[in-house]
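Spelled out, the chains give:
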Amino acid sequence: MKFRKLSGLCLLLFIIFNNSSFAQQKVSFLLVDEQLLTKSRGLLKQGDKEASAKINKMINRADSAIIKRPYSVTFNKTKTAPSNDKHDYVSQAPYWWADPAKPKGLPYIRKDGERNPEIYLLHDRSQLGDMCTAVKQLSFAYYYTGNEKYAVKAKSLLQTWFVEPATRMNPNLNYAQYIPGLNDGRGIGIIESRELTAIPDAIAMLNGSKAMDEKLVNDIKDWFKAFSGWLQTSPNGKDEHSQLNNHGSYYDVQLIDYSLFTGDSKTAIELLKSTTIPRIDKQFTPEGAQPLELARTKSWDYVNMNLYAWCQLGILANHLNIDLWHKQTVDGRGMKAAVKWLIPYAAGEKKWENQQIASFEYEQLKFIMDKASAQYPDLNFDAVFKKFPKGVEVE
């Protein structure tokens, strides 16, 4: 009799824990290197000075994020979309300016690489970026400390942006990067949502937290499923999918990342095979140059930005047992050739002769060289790492 009571209790507990918010499924890491995180957490426990200093900086940033209010496309709204729905994301094209020769400046004209300060009068893009950054910082802090206060704050930010009816963003970018006098939004605006790829990995870092219950994770996944559907079926999504330059690359990064997060590996594999791999022939020369990016007024930025996206694609493809790092055309076009082409410029051995109207930045370059050096041991990265010492990595 006692055995039957115990068996019944065990069965009840099993049902409760497998059908309630307590039964949290582990979310997989996608772009963040879990092995690197585990290693750096071990160094922190051992008191490694360099690792501790870097991680403590991350924790300090999270401490700043924890006291800030949530973010939403419904906050600080200065322009509502033509839909009259404040939940729709709105932004203005950055490189388009009023035409001084036209009445009221309409339609706007393009000045590549020159940002129109009008774009900062709208706040949806900054709200999106700040939310992604804060969630990432809080998740790193939780991962390294186990302190639930960081997870609780991250949960609040995630709920506000993706779940709460009063504040959630509609899962579309119909009105991103509109051009005054020309359109209400365009496919090119989809590049502004690439920061959302930080969210799946942030949730993975929150694995084990009491704050991250199953319902919340599923609600966020439902949002990403809807957004992925919009990316594939909307006119703007189809337009961005067809772009040949970095816009196409980041479309692929986003859709593959979100598909893996939501368990849709079929879509991810199909996109890689049908679209990403064929892009190699369009984006790279046999020598490894990127003509579409070199033609820009900020060519250094765009060459690195695009190759950064390809490194992310290589990381994502690895989850599907597809080796994008070593894919190449018959005439040698591919990621490896692109990295080899960039190395002497990265090391300062060659002068950048292409147009660059902005200052030279190197953060994306460091990521590219770090990830590529692990894939191409036959290439010589010594001069690059002499200029940019690697040190302890904590992501």
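How each quantity is defined
Residues numbered from 1 in each chain as written. Predicted model: local features only at pLDDT ≥ 70, side-chain atom pairs only at ≥ 80, totals over all residues. Heavy atoms only, no water. Helix = DSSP H or I, 4+ residues; strand = E, 2+ residues; numbered from the N terminus. Rg over C-alpha atoms; globule rule 2.2 N^0.38 Å. Buried < 20%, exposed > 50% of the residue type's maximum accessible area, 1.4 Å probe, protein only. Contact = heavy atoms within 4.5 Å. Areas by Shrake-Rupley, 256 points an atom, 1.4 Å probe, with all protein chains shown as cover. Lys, Arg positive; Asp, Glu negative; His and termini not counted. Charge placed at Lys NZ, Arg CZ, Asp CG, Glu CD. Axes fitted to C-alpha atoms, helices over the stretch in contact; angles between N-to-C directions. Parallel < 35°, antiparallel > 145°, perpendicular 65-115°, else oblique. Left-handed = near helix turned anticlockwise from the far one by under 90°. Nonpolar A, V, L, I, M, F, W, Y, C, P; charged D, E, K, R; others polar. Salt bridge = Lys/Arg side-chain N within 4 Å of Asp/Glu carboxyl O. Expected span 1.5 Å × (residues − 1). pLDDT = per-residue confidence, 0-100. Core = buried A, V, L, I, M, F, W, Y, C linked by side-chain atoms within 4.5 Å. Phe/Tyr/Trp six-rings, centres within 6.5 Å; stacked < 30°, edge-to-face > 60°.

**Description of the overall build of the protein**
Logical step 1: Helix and strand content of the protein: 15 helices and four strands.
Logical step 2: A compact globule built from 395 residues should have a C-alpha radius of gyration of about 21 Å, and the protein, at 23 Å, falls within 12% of that.
Logical step 3: Summarising its shape, the C-alpha atoms of the protein cover approximately 85 × 55 × 40 Å along the three principal directions.
Logical step 4: For the protein, the residues scored as buried account for 52% of the 395 residues in total.
Logical step 5: Considering only residue pairs separated by 6 or more positions, the protein has 74% of its internal contacts joining residues 24 or more positions apart.
Logical step 6: Of the accessible surface of the protein, which amounts to about 18900 Å², a share of 53% is contributed by carbon and sulfur atoms.
Logical step 7: Across the protein, the 51 positively charged side chains and the 44 negatively charged ones have centroids separated by 4 Å.

**Regarding the packing of helix H5 (residues 148-163) against helix H7 (residues 214-233)**
Logical step 1: Two elements in contact, H5 and H7, have axes separated by 10 Å at closest approach and are oriented at 40°. In terms of orientation, H5 and H7 fall into the oblique class. Crossing angle aside, the handedness with which H5 passes H7 is left-handed. Of the residues in H7, those in contact with Lys155, Leu158, Gln159, Phe162 and Val163 of H5 are Leu216, Asp219, Ile220, Trp223 and Phe224.
Logical step 2: Residue composition of the contact of H5 with H7, grouped by class: seven nonpolar, one polar and two charged.

**Details of the pattern of salt bridges**
Oppositely charged side chains can pair when the atoms bearing their charge come close.
Logical step 1: Enumeration according to the criterion identifies 16 salt bridges in this entry.
Logical step 2: Among the ionic pairs, Asp112 bridges to Arg110, the shortest N-O distance being 3.1 Å.
Logical step 3: Notably, a salt bridge pairs Lys215 with Asp219, separated by 2.8 Å at the nearest N-O pair. One end of the pair is Lys215 and the other is Asp219, both in helix H7 and four residues apart, which spans about a single turn.
Logical step 4: Classification of Asp219 as partly exposed rests on a relative accessible area of 22%.
Logical step 5: Residues joined in a network through salt bridges with shared partners are Arg110, Asp112 and Arg296.

**A short note on helix H12 (residues 299-318)**
Logical step 1: Relative to the 28 Å expected for 20 residues at 1.5 Å per residue, H12 spans 29 Å between its end C-alpha atoms, a close match to the ideal helical length.
Logical step 2: Where burial is concerned, most of H12 is hidden: 17 out of the 20 residues are buried.

**Observations concerning unusual backbone geometry**
Logical step 1: Cis geometry is found at the peptide bond from Leu106 to Pro107, where omega equals -5°.
Logical step 2: Residue position: Pro107 is located in the loop between strand E2 (96-97) and strand E3 (109-110).
Logical step 3: A positive phi angle, close to 65°, is found at Asn84, a residue other than glycine.
Logical step 4: In this fold, Asn84 is placed in the loop between helix H3 (49-65) and strand E1 (90-92).
Logical step 5: With relative accessibility at 68%, the residue Asn84 sits in the exposed group.

**A closer look at the confidence of the model for the protein**
Any segment with low pLDDT has predicted coordinates that should not be analysed in fine detail.
Logical step 1: Overall, the predicted model of the protein reaches an average pLDDT of 94, with 94% of residues at or above 70.
Logical step 2: Taken together, the stretch residues 12-23 has pLDDT below 50 and engages in seven contacts with residues farther than four places along the chain or on a different chain.

**Comments concerning helix H14 (residues 363-375)**
Logical step 1: Compared with an ideal rise of 1.5 Å per residue, which puts 13 residues at 18 Å, H14 spans 19 Å between its outermost C-alpha atoms and is within 8% of the ideal.
Logical step 2: When we look at burial in H14, the residues that qualify are Leu365, Phe367, Ile368, Met369, Asp370, Lys371, Ala372 and Ser373.
Logical step 3: Buried residues in H14 make contact with H12, helix H13 (335-346) and helix H15 (382-387).

**A word on the environment of Glu118**
Logical step 1: By the element assignment, Glu118 lies in the loop between E3 and helix H4 (124-145).
Logical step 2: Distance in space between the C-alpha atoms of Glu118 and Arg279 is 34 Å, their sequence separation being 161 residues.
Logical step 3: The contact partners of Glu118, leaving out residues within four places of it in the chain, are Gln92 and Tyr108.

**Remarks on the nonpolar core**
Logical step 1: Counting 111 residues, the largest nonpolar core has Met131, Phe162, Leu196, Ile199, Leu342 and Met369 as its most contacted members.
Logical step 2: Ranked by residue count, the leading element in this core is H12, at twelve residues.
Logical step 3: Leave out the neighbours within four places in its chain, and Leu342 touches Trp300, Val303, Asn304, Leu307, Trp352, Leu365 and Met369.
Logical step 4: Residues Ala81, Leu122, Tyr175 and Tyr178 belong to the second largest nonpolar core, which totals five residues.

**Focus on the packing of aromatic side chains**
Logical step 1: Per the stated rule, a full pass over the model turns up 20 aromatic pairs.
Logical step 2: Judged by centre distance (5.0 Å) and plane angle (75°), the ring pair of Phe162 and Trp223 falls under edge-to-face. Of the two residues, Phe162 sits in helix H5 while Trp223 sits in helix H7, which places them 61 residues apart along the sequence. Each of the two residues, Phe162 as well as Trp223, counts as buried.
Logical step 3: Between Trp300 and Tyr362, the aromatic rings sit 5.9 Å apart at their centres with planes inclined by 65°, giving edge-to-face as the arrangement. Note that Trp300 is positioned in helix H12 and Tyr362 in the loop between H13 and H14, a separation of 62 residues in sequence.
Logical step 4: Relative accessible area serves as the criterion here: at 27%, Tyr362 is assigned to the partly exposed category.

**Some thoughts on the side chain of Thr160**
Logical step 1: Looking at the secondary structure, you find Thr160 in helix H5.
Logical step 2: With residues up to four places along the chain from it excluded, the contact list for Thr160 reads Pro70, Tyr71, Ser72, Phe75, Thr167 and Arg168.

**As for the environment of Gln46**
Logical step 1: You can see Gln46 is positioned in the loop between helix H2 (34-45) and H3.
Logical step 2: When the C-alpha positions of Gln46 and Ala268 are compared, they lie 39 Å apart, and in sequence the two are 222 residues distant.

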